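Summary of the model geometry
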Amino acid sequence: MLHPQPSPMSAPNAVNEPTHRFPADFVWGVATSAYQIEGASTADGKGPSIWDTFCRQPGAIADGSHGDVACDHYHRLDADLDLIASLGVDAYRFSVSWPRVQPSGFGAWNTKGLDFYERLVDGLLARRLKPCLTLNHWDLPQALQDQGGWAARDTVHRFVDYAQGIQRRLGDRLASITTHNEPWVVATLGHETGVFAPGIRDRAVAMQVSHHLLLSHGLALQALRAAGAKAPLGIVLNLAPVQPATDSPEDHALAKLEDGRLLRWYMDPLLCATYPTDVLAHLGRDVPRIEHGDLQAIATPMDFMGINYYTRTVVSAGAPFDVKTSGLPLTDMGWEVYPQGLTELLLRLHADYPVPPLYITENGGAFPDPLRDGLVRDADRTRYLADHIAAVGEALRRGVPMAGYMVWSLMDNFEWASGYAKRFGIVHVDYATQRRTLKDSAHWYRQFLQRQRDGHAASARTGATQGA
Ligand code: IFM
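Summarised in this report is the structure supplied together with it. Fair warning: this is a prediction, and the values are worked out from it, not measured in the lab.

Digging into the overall build of the chain
Each helix and strand counted, the chain has 15 helices and twelve strands in total. Relative to the 2.2 N^0.38 estimate, which gives 23 Å for 468 residues, the radius of gyration of the chain is 21 Å and therefore close to what a compact globule would have. With the principal axes as the frame, the chain shows a C-alpha extent of 60 × 55 × 55 Å. Going through the 468 residues of the chain one by one, you find that 58% of them count as buried. A fraction of 78% describes how many contacts in the chain between residues 6 or more apart in sequence connect residues 24 or more apart.

Given below as structure tokens:
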């Protein structure tokens, strides 16, 4: 149930309202992922995922927590759908927990798990919200990890089967299907630095994983289309402008390489069927095994791309760049607030690649957010959102085909290796009671969207009068 909310401030101070008028069909939304909010980690036949396993490793999660209960969304579905609808958004981006619907990642399907997502999709449609489904937001079935996980080529085919199963059950009602969320994170943080599940530290494995994720994306698109999928199909990448800390040639060279590993390693094969040669040369023996036809499959045309943007990346060949020296505000994650980087990134993508329509599928900030007297005065987050929405508006004005924007996140949730201490939600969650409270930023977002709609209605009236 959505609890009664105290009146918010009309608008937090010092927020620069974006002045851009976004198109009437621009899609505004909020986003979450299964492991971060659902809880119910063993309910109704769900199998374990690699994150269930990883969270049990001592020291893996900052506060020793896990997603067993999280926001208990699995048991609070209807109230949470009402909550989403109350924000006045057009769309909800969520992910399916693969081990909830297919506990081993192959073979038998779990009807109760599929039923949950059917209730979710139908509940969104009943509230006139677009269901934007992500197939893989990191919670690979542990049973597949036991057989080699994403490093094994067979997992590519298991993923394609899984995608087809979701299409069979839900495909006729989805507004979009995303194959993978942030493959760089799965490959690099999961298999190179090992700070995320499954906790492997091996660059050669990480690069093979990245190739298999990309290949499974392309093959899934082909299989979904062959199965008659009507929903737009795409992938979501986490991208950032990579900048040198100084003007030294060493810093510039490192920035180019890091841009290659973060952005071009994914954009080049997806849009141009090739891997960047400088990164291949740099990898040496860690270059992944690429079979004949793989690159063509990866470059299967997409209907859209999602970009997740939080901050810029600054690299230094010497001592690591200290974000505190830049003078920019920092979020609770210690990430610089750098909205102009989003415009810069979008213009660059548009200039360098034949991009399909682009969505910002995640953008937001973690801030401490104390709940006092039933209110969360998160002016920092409101400012962050307003400034990044303006940055998207600027890219749109300069010709980038922007189609939508989604806030990360609908509500506070399990922030992976940071546990529950970092709060990204525009809705506050009291984990002891599971009470949800709209933060000031949620009220601002709702009012901003209403002002956009009012503007369109006024233009339509004026246009109608002028045309009469
Ligand atoms: O919470 C994550 C999300 O799961 C993926 N993108 C980044 C967010 C904030 O770290």
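A look at the site of the ligand
Taken together, Gln36, His137, Trp138, Asn181, Glu182, Tyr310, Trp335, Glu362, Trp408, Glu415, Trp416 and Phe424 form the complete shell of residues around the ligand. In the model, an oxygen atom of the ligand is placed 2.7 Å from a nitrogen or oxygen of the Gln36 side chain. Protein chains shield 94% of the accessible area of the ligand, which is 280 Å² for the free molecule. Here the shell around the ligand is composed, by residue class, of six nonpolar, three polar and three charged.

Considering helix α14 (residues 379-397)
Here α14 contains 19 residues, and its C-alpha end-to-end distance of 27 Å stays within 8% of the 27 Å for a straight helix at 1.5 Å per residue. Trailing α14 by a residue or two, Gly399 shows a phi angle of about 100 degrees, which is positive.

Details of unusual backbone geometry
Following Ala197, the chain continues into Pro198 via a peptide bond in cis, with omega recorded as 5 degrees. Following Trp408, the chain continues into Ser409 via a peptide bond in cis, with omega recorded as 15 degrees. Among the structural elements, Ser409 can be located in the loop between β10 (402-408) and β11 (427-430). At Trp416, a position not held by glycine, the phi torsion is positive, near 50 degrees. Looking at the secondary structure, you find Trp416 in the loop between β10 and β11.

Some points on helix α3 (residues 77-86)
Listed as buried for α3 are Leu77, Ala79, Asp80, Leu81, Leu83 and Ile84. In this fold, the buried residues of α3 make contact with β1 (27-31), β2 (91-95), α5 (111-126), β11 and β12 (435-438). Positive phi shows up at Gly88, right after α3, with a value of about 75 degrees.

Reading guide: rules and limits
- Residues numbered from 1 in each chain as written.
- Predicted model: local features only at pLDDT ≥ 70, side-chain atom pairs only at ≥ 80, totals over all residues.
- Heavy atoms only, no water.
- Helix = DSSP H or I, 4+ residues; strand = E, 2+ residues; numbered from the N terminus.
- Rg over C-alpha atoms; globule rule 2.2 N^0.38 Å.
- Buried < 20%, exposed > 50% of the residue type's maximum accessible area, 1.4 Å probe, protein only.
- Contact = heavy atoms within 4.5 Å.
- Near = heavy atom within 4 Å.
- Polar contact = N/O pair within 3.5 Å; in protein donor to acceptor, adjacent residues only side chain to side chain.
- Areas by Shrake-Rupley, 256 points an atom, 1.4 Å probe, with all protein chains shown as cover.
- Nonpolar A, V, L, I, M, F, W, Y, C, P; charged D, E, K, R; others polar.
- Expected span 1.5 Å × (residues − 1).

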